Structure formats: C-alpha cells, structure tokens
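# Architecture at a glance
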Amino acid sequence: DGKTHIINIHASALVDETGERMGALLILNDVTRMRQLETMRKDFAANVSHELKTPLTSIQGFTETLLAEPSLLDNAHVVRCLEIIANNTKRLTTIIDDLLKLSEIEHADRQKDFNFQEAPLADVINSAAAICRPDLDSKQIKLESDCPADLALPIDPFLLELALVNLVENAVKYSPNNSEVGISAEDKGREVHVSVIDHGTGIAEAHIPRIFERFYRVDKARSRELGGTGLGLAIVKHVAQIHGGRIEVQSTPGKGSAFTLIFPRPM
Ligand code: ADP
C-alpha cells in the first residue's frame, strides 16, 4: 500500500514424526498498528504534560504577580480570590504530575525505560526520608528507619524512592502531630519486605480492597484538604508490580497502618 510496515517474522522447520523435514513454516505478523498505538499512548502522556502544564504555569505566574501587586493588597476580597486561584492551580499541578507519573509507569517498557540495578535499600530509604523531611517536620513526626546496611536488591532506585515517598507522605497525612512513622526493611530469605508503619487514623477493612484504585479515597473531602490526589497508592502498586512484587496492608482503625512492599528475591 506504499506505506512502511513493521513485520514480526517467525520461521520454523516442519518435520514429520520420524524427524524428516517436510517444509518450512513462515509466520508474518504485521505489528504496525500495535506499535503505532503504543507510540500514540506514550506521545499522549508527553503531550498532556505540555498542553496542560504550560497554561497552568502561566496562570500560576500571573496569580503570583497579582498577589504581589501593592495596589491590590488593600482589597481583601481580591486577595482572597487570588489566593483561592493560586491554591487550586497548585492542586491541579499536583494532580497532573501524579497522573503523568502513573501513566509513564503504566506504559513504560520494563526492559528499556527502567534502570534496574543492585542497589542498597538503606540508600533508597535515606533519600526518600530526606525528601519527606519538610512534611515530617511540619507535624513534628519522628521517622525511625531500620534497614540492614548490606541489604541490596535489583531495583530501579528512583521508582522505589517514589513508592516510599508516597507511603511516607500518606503516613504523615493520616497521623497526628508528634507521632512516629517507621520504615523497615527485612530480609525474609526468598522475599524482601519493606514496610512503612504509622500510628494514625487507620483504614476500615471494607475500604482496604479499594484504596489502590486510582482516585479512590476513604474520605474525599479530607484527602483533598490534606493535598491528596487519590493516585499515590495506585502508583505504589504499579511500582511493586514492575519489580515482580506486591503490596500488602494491615490496618486497625484508630491505631494505625502498615503498608508492606514485598519483593521476590532472584533465585
Ligand atoms: P491520597 O492522595 O488521597 O492520599 P492515596 O492513593 O495515596 O490517595 O490513598 C488512597 C486513600 O487511602 C486515602 O485517601 C486514604 O483514605 C487511605 N490511606 C492511604 N494511606 C493511608 C494511611 N497511611 N493511613 C490511613 N489512610 C490511608
């Protein structure tokens, strides 16, 4: 048809029961459409990022400019409206960023797009803790981490850090001031467990099967107020799956929660 096609070719010999060659089998698979769809999906994520974030950045910039305009500062109503615009712009930016992260992770090619390497878990835990430090400090929450110094695993360190940051940020969001959050990594032989433990609100059993769904929140209004997007745990679940692992939750309402990432050990 005059267009370039991508063809997968599979060739094999045809032999009878005595082993004598009777011919050859050639299978041609036109995968052009499949590849096109894959590329479109990836391009879409990149385009969404650009198309939505560029105007948002502009709205944010101009709102901030107006909020710094001395002649407007006397008008409390105008200032209040501008603050609401600024807060919602920030919120939309967070949602778009989380959606993009999720879409990137979902559509990435495990072989090409991730950076798997034998990495010490203690380093990843420390870097995630450093990212969460301002949130922890703002609620005077103490972070205790416990990880054997020599425990290493083939992981994508950036992805694991992303998952841990999401879990620790949740732990902080749903915990009272002055409480404690723990991160622990344990070598269980055929598996490695990495847990984030809090002493916060906990989650009623009925909600647990659904909290990993995108946009599912036990209390939408509360989550929104706390700056949640409802996408954090969906991201965490994908990160576990990319590593061939899973995530488990134990929680008691009023007592706290433990989220455990379980990674299989390569044999
Ligand atoms: P959000 O951005 O709303 O925190 P998540 O996907 O990270 O979204 O979590 C989904 C929901 O699971 C939250 O809205 C909250 O109801 C519940 N949740 C997650 N982590 C915790 C936790 N550590 N303690 C209590 N509830 C939690």
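Definitions and limits used
- Residues numbered from 1 in each chain as written.
- Predicted model: local features only at pLDDT ≥ 70, side-chain atom pairs only at ≥ 80, totals over all residues.
- Heavy atoms only, no water.
- Helix = DSSP H or I, 4+ residues; strand = E, 2+ residues; numbered from the N terminus.
- Buried < 20%, exposed > 50% of the residue type's maximum accessible area, 1.4 Å probe, protein only.
- Axes fitted to C-alpha atoms, helices over the stretch in contact; angles between N-to-C directions.
- Parallel < 35°, antiparallel > 145°, perpendicular 65-115°, else oblique.
- Left-handed = near helix turned anticlockwise from the far one by under 90°.
- Contact = heavy atoms within 4.5 Å.
- Nonpolar A, V, L, I, M, F, W, Y, C, P; charged D, E, K, R; others polar.
- pLDDT = per-residue confidence, 0-100.
- Salt bridge = Lys/Arg side-chain N within 4 Å of Asp/Glu carboxyl O.
- Core = buried A, V, L, I, M, F, W, Y, C linked by side-chain atoms within 4.5 Å.
- Patch = residues over 30% accessible without salt bridge, like charges linked within 9 Å, V, L, I, M, F, W, Y side chains within 5 Å.
- Areas by Shrake-Rupley, 256 points an atom, 1.4 Å probe, with all protein chains shown as cover.
- Expected span 1.5 Å × (residues − 1).
- Polar contact = N/O pair within 3.5 Å; in protein donor to acceptor, adjacent residues only side chain to side chain.
- Pairing = 2+ DSSP bridges.
- Near = heavy atom within 4 Å.

### Description of the side chain of T32
Topologically, T32 is positioned in helix α1 (residues 32-67). You can call T32 buried: its relative accessible area is 11%.

### Here we look at the packing of helix α2 (residues 76-107) against helix α6 (residues 232-242)
Contact pair α2 / α6: the axes reach a minimum separation of 10 Å and the direction vectors enclose 20°. In terms of orientation, α2 and α6 fall into the roughly parallel class. For the crossing formed where α2 meets α6, the hand is left-handed. Residues D98, K101, L102, I105 and E106 of α2 lie in contact with α6, whose contacting residues are A234, I235, H238, V239 and I242. Residue composition of the contact of α2 with α6, by class: six nonpolar, one polar and three charged.

### Points about the confidence of the model for the protein
Looking at the protein, pLDDT values average 90 and 98% of them are 70 or higher. Our summary of model confidence lists the complex with pTM equal to 0.80 and ipTM equal to 0.98.

### Thoughts on the pattern of salt bridges
In the structure shown here, the tally under the stated rule is eleven salt bridges. A salt bridge links R265 to D187; the nearest nitrogen and oxygen atoms lie 2.9 Å apart. In this pair, R265 sits in the segment after β9 (256-264) while D187 sits in strand β6 (residues 180-187), placing the two residues 78 residues apart along the sequence. Look at R265 and you get partly exposed, because its relative accessible area is 23%.

### Considerations on the nonpolar core
Core analysis: the biggest nonpolar cluster contains 52 residues, and L121, L164, V194, F259 and L261 have the highest contact counts within it. Residue contributions to this core peak at ten residues, all from helix α4 (residues 157-173). If near-sequence neighbours (up to four positions away) are discounted, F259 is found in contact with L167, V194, S195, V196, I203, I211, F212, L233, I247, E248 and V249.

### With respect to a nonpolar patch on the surface
Judged by side-chain polarity, I7, I9, L26 and L28 come together as a nonpolar surface patch covering roughly 420 Å² of accessible area. For the nonpolar patch, the secondary structure elements donating two or more residues are β1 (7-15) and β2 (21-30). If you trace the backbone, I7 turns up in strand β1. Taking relative accessible area as the criterion, I7 reaches 40% and is therefore assigned partly exposed.

### Some words on α2
Residues spaced three or four apart along an α-helix face the same direction, because each turn holds 3.6 residues. The end-to-end C-alpha distance of α2 is 46 Å, a good match for the 46 Å that 32 residues give at a rise of 1.5 Å each. By the N-cap criterion, in which a side-chain oxygen at the helix start approaches the backbone nitrogen of a residue two or three places on, α2 is capped by N75, the distance to H77 being 3.1 Å.

### Side note on the environment of H207
Positionally, H207 belongs in the loop between β7 (191-198) and α5 (220-225). Each C-alpha atom, one on H207 and one on L233, is 13 Å from the other, the two residues being 26 residues apart in sequence. Setting aside chain neighbours within four positions, we find H207 in contact with Y216 and V218.

### Concerning the sheet that holds strand β4 (residues 142-146)
Read from one edge of the open sheet, five strands run β4-β6-β7-β9-β8, paired in mixed fashion. In this open sheet, the two edge strands, each paired with only one partner strand, are β4 and β8 (246-252). Taking each pair of neighbouring strands and ignoring which way they run, the sheet shows an average axis angle of 15°. In this structure, β8 lies alongside β9, joined through seven bridges in antiparallel fashion. What sits directly across from T252, in β9, is G256. Contacting β4, β6 and β7, helix α3 (residues 121-138) crosses the sheet at an angle of about 175° to β4.

### Here we look at the site of the ligand
Inspection of the region around the ligand gives 21 residues, with N170, D198, S223, T229 and L233 positioned closest. A distance of 3.0 Å is found between an oxygen atom of the ligand and a side-chain nitrogen or oxygen belonging to Y174. At 3.4 Å from an oxygen atom of the ligand is found a main-chain nitrogen or oxygen belonging to G232. With the chains in place, 97% of the 530 Å² that the ligand exposes on its own is no longer accessible. For the shell around the ligand, the elements supplying multiple residues, two or more each, are α4, α6 and β9.

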